[in-house]
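The chain contents come next:
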Amino acid sequence: MPSNGKPVMFGTTQNAKYWLNPDCCGLFCAGITWFLHIWAAYTLVVRLLDPWMGPHAVPTVKISKKDAEADPLLVANAPTGRSPLFQFHVMAFLTIMCLALVSHAKAMMTNPGAVPEEARPVGTKFDDETALETDQLIGDSKKGDADIVQRGGGGGGGGGDDGDNVSPKPKRPTHRTCRRCGPNSFKPPRAHHCSICDRCVVKMDHHCPWVNNCVGLGNHKFFILFISYTFLSCVYSLCLVSYRFFTCFNVVRGPSCLNDGGDTLSILLLCVEGALFGLFTSCMMLDQWTVVTTNTTQIDRLKGVNDSDNGSTGEGVNETFGGDRGFTTDWLLPTKVVFPKSLHEDLYGYCVPCKTGDAETEMLTLV
């Protein structure tokens with residue numbers, strides 16, 4: 001999408017200082033995501049862990065279940081303290097939640113790989129025949145409203161009326177342009193246009209309303225970390241609730257053992273939330289694992305691109321998490337994805353500015 005030249009604070013245009021999609025539906029879904037994470041943390045700490053392991057929850061003297069049933073005042077009057085596991089579980093869960101929310105914020109406010117207006121073609125390993133095929137615009141259901149690629153020198157107007165053989169004109173270099181972004185906007189081989197962000201995004205997988213952004217080469221790592229840590233927080237909370245439920249039947253743990261109606265309702269809702277989003281994120285993780293290991297996006301699948309044409313498993317993982325030497329601890333943290341400078345143009349498929357003669361290659365416009 002061509003920028004109007006006027007700088008703005010937030011947006012998806014090139015003149016926006018910070019990347020943030022102003023889509024109202026996406027912002028609402030992102031807000032719901034943050035609310036559910038924070039509410040789950042509050043419920044787990046205040047409603048479950050504190051009455052169970054908090055400073056005034058655990059008797060400091062051993063009381064058998066038989067004695068407790070015979071004299072309930074033994075439990076009520078027993079000196080209490082804090083379980084050594086209380087701080088561990090609180091810190092562990094809050095750490096996972098913070099990693100999930102930071103990853104979400106990074107996925108939402110990181111440029112997913114939008115192609116700049118001044119981008120020019122550069123020879124890459126992805127320049128093949130499939131890169132010249134028609135790309136359907138994402139979110140555009142109108143027939144024929146797609147990115148058109150002209151193939152130069154095809155021979156449409158070569159011969160004269162006398163029937164003499166005329167040597168065909170040499171083929172001109174062909175490069176894709178995006179109809180939505182402008183007649184002179186270069187569209188790299190692996191880029192697709194998103195109608196919601198209104199930008200062409202390199203290696204676009206899909207547009208996720210929960211992060212209010214496209215998932216592309218620039219923020220794919222953050223999206224995977226977000227769903228992974230969300231899944232881990234769901235599993236963690238369900239395990240704690242299950243363990244608490246079963247211990248209530250066998251061990252005396254203090255005066256409160258899921259007896260408070262408000263606590264019980266909140267914990268039940270937490271179980272529903274953990275089960276639903278745990279199942280959802282687990283499916284997303286399996287799907288994204290296939291995307292990363294095959295180095296093939298969802299759009300590529302819809303277009304029928306062969307997985308074997310997109311590199312090895314390690315290559316796809318390195319593209320997503322950055323670097324070129326295998327696993328590092330940065331892969332587990334929502335830190336900036338860094339690629340070697342020598343691979344940047346090869347991965348993104350364009351150069352700004354171009355240092356080779358490719359910058360002066362003639363670009364073809366739409367029909």
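Remember, it's a predicted structure, so these values are computed and weren't measured experimentally.

## Focus: the overall build of the chain
Stage number 1. Looking only at helices and strands, one finds nine helices and twelve strands in the chain.
Stage number 2. Expressed as a percentage of its 367 residues, the buried residues of the chain come to 45%.
Stage number 3. When contacts within the chain are restricted to residue pairs at least 6 apart in sequence, those whose partners lie at least 24 apart make up 68%.
Stage number 4. Accessible surface, the chain as shown: approximately 19,600 Å² in total, 62% of it carbon and sulfur.

## A few points about the pattern of salt bridges
Stage number 1. Across all of its chains, the model carries three salt bridges by this definition.
Stage number 2. Among the ionic pairs, Asp263 bridges to Arg47, the shortest N-O distance being 2.8 Å. You can see Asp263 sitting in helix α6 (residues 261-294) and its partner Arg47 sitting in helix α1 (residues 24-53), a full 216 residues away along the chain.
Stage number 3. What makes Arg47 partly exposed here is its relative accessible area of 26%.
Stage number 4. Between Arg190 and Glu319 there is a salt bridge whose closest N-O contact spans 3.2 Å.

## Focus: the packing of aromatic side chains
Aromatic ring pairs: the centre-centre distance and the angle between the two ring planes describe each pair.
Stage number 1. Taken as a whole, this structure holds six aromatic pairs when the rule is applied.
Stage number 2. For the ring pair Phe93 and Tyr236, a centre distance of 6.2 Å and an interplane angle of 70° mean the geometry is edge-to-face. On the criterion of sequence distance, the pair formed by Phe93 in helix α4 (residues 84-109) and Tyr236 in helix α5 (residues 220-247) is long-range, its members being 143 residues apart. As far as the burial class goes, Phe93 and Tyr236 line up, both buried.
Stage number 3. Taking 5.5 Å as the distance between ring centres and 80° as the angle between the ring planes, the aromatic pair formed by Phe245 and Phe246 counts as edge-to-face.

## Here's the deal with the layout of surface pockets
Stage number 1. Taken as a whole, the largest pocket spans an internal volume of roughly 470 Å³.
Stage number 2. Contributing to the lining of the largest pocket are 17 residues, with Asn111, Gly218, Lys336, Val337 and Tyr348 lying nearest its centre.
Stage number 3. Among the elements of the structure, α4 and α9 (341-348) are those that each provide at least two residues to the lining of the largest pocket.
Stage number 4. For the lining of the largest pocket, the element with the highest residue contribution is α9, accounting for three residues.
Stage number 5. Of the residues in the lining of the largest pocket, the class split is nine nonpolar, five polar and three charged.

## Focus on the packing of α1 against α5
Stage number 1. Taken N-terminus to C-terminus, the directions of α1 and α5 make an angle of 25°; their axes are 11 Å apart at the nearest point. Between α1 and α5, the crossing angle belongs to the class labelled roughly parallel. When the axes of α1 and α5 are compared, the crossing they make is left-handed. Here α1 contributes Thr33, His37, Leu44, Leu48, Leu49 and Trp52 to the contact with α5, which in turn contributes Phe226, Thr230, Ser237, Leu240, Val241, Tyr243, Arg244 and Thr247.

## A short note on α1
Stage number 1. Between the first and last C-alpha of α1 there are 42 Å, a value that for 30 residues agrees with the 44 Å anticipated at 1.5 Å per step.
Stage number 2. Leu44 marks the point of greatest bend in α1, at about 25°.

## Here's the deal with the nonpolar core
Stage number 1. Core analysis: the largest hydrophobic core is formed by 22 residues, its most contacted members being Leu44, Leu48, Leu49 and Leu240.
Stage number 2. Ranked by residue count, the leading element in this core is α1, at eight residues.
Stage number 3. For Leu44, the contacting residues outside a window of four places in its chain are Leu49, Phe93, Ser237, Leu240 and Leu270.
Stage number 4. Counting 14 residues, the second largest nonpolar core, distinct from the first, contains Ala119, Phe186, Ala191 and Leu217.

## Quick look at the UniProt feature "transmembrane region" (unreviewed entry) in the chain
Stage number 1. According to UniProt, the feature "transmembrane region" (unreviewed entry) maps to residues 24-45, 85-102, 222-245 and 265-286 in the numbering used here.
Stage number 2. Structurally, residues 222-245 comprises 100% helix and 0% strand, and the distance from its first C-alpha atom to its last is 35 Å.

## What to know about the side chain of Thr294
Stage number 1. Checked against the element boundaries, Thr294 lands in helix α6.
Stage number 2. Side-chain polar atoms of Thr294 contact the backbone oxygen of Thr290, separated by 2.5 Å.

Rules of the game
Residues numbered from 1 in each chain as written. Predicted model: local features only at pLDDT ≥ 70, side-chain atom pairs only at ≥ 80, totals over all residues. Heavy atoms only, no water. Helix = DSSP H or I, 4+ residues; strand = E, 2+ residues; numbered from the N terminus. Buried < 20%, exposed > 50% of the residue type's maximum accessible area, 1.4 Å probe, protein only. Contact = heavy atoms within 4.5 Å. Areas by Shrake-Rupley, 256 points an atom, 1.4 Å probe, with all protein chains shown as cover. Salt bridge = Lys/Arg side-chain N within 4 Å of Asp/Glu carboxyl O. Phe/Tyr/Trp six-rings, centres within 6.5 Å; stacked < 30°, edge-to-face > 60°. 1 Å grid on protein atoms, 1.4 Å probe; cavity = no way out; pocket = protein on both sides within 12 Å on 5 of 7 lines; lining within 4 Å. Points joined across faces, edges and corners; volume = space filled by probe spheres on them. Nonpolar A, V, L, I, M, F, W, Y, C, P; charged D, E, K, R; others polar. Axes fitted to C-alpha atoms, helices over the stretch in contact; angles between N-to-C directions. Parallel < 35°, antiparallel > 145°, perpendicular 65-115°, else oblique. Left-handed = near helix turned anticlockwise from the far one by under 90°. Expected span 1.5 Å × (residues − 1). Bend = angle between axes of the 7 residues up to and from the residue. Core = buried A, V, L, I, M, F, W, Y, C linked by side-chain atoms within 4.5 Å. UniProt positions renumbered as here; feature names shortened; annotations may be inferred. Polar contact = N/O pair within 3.5 Å; in protein donor to acceptor, adjacent residues only side chain to side chain.

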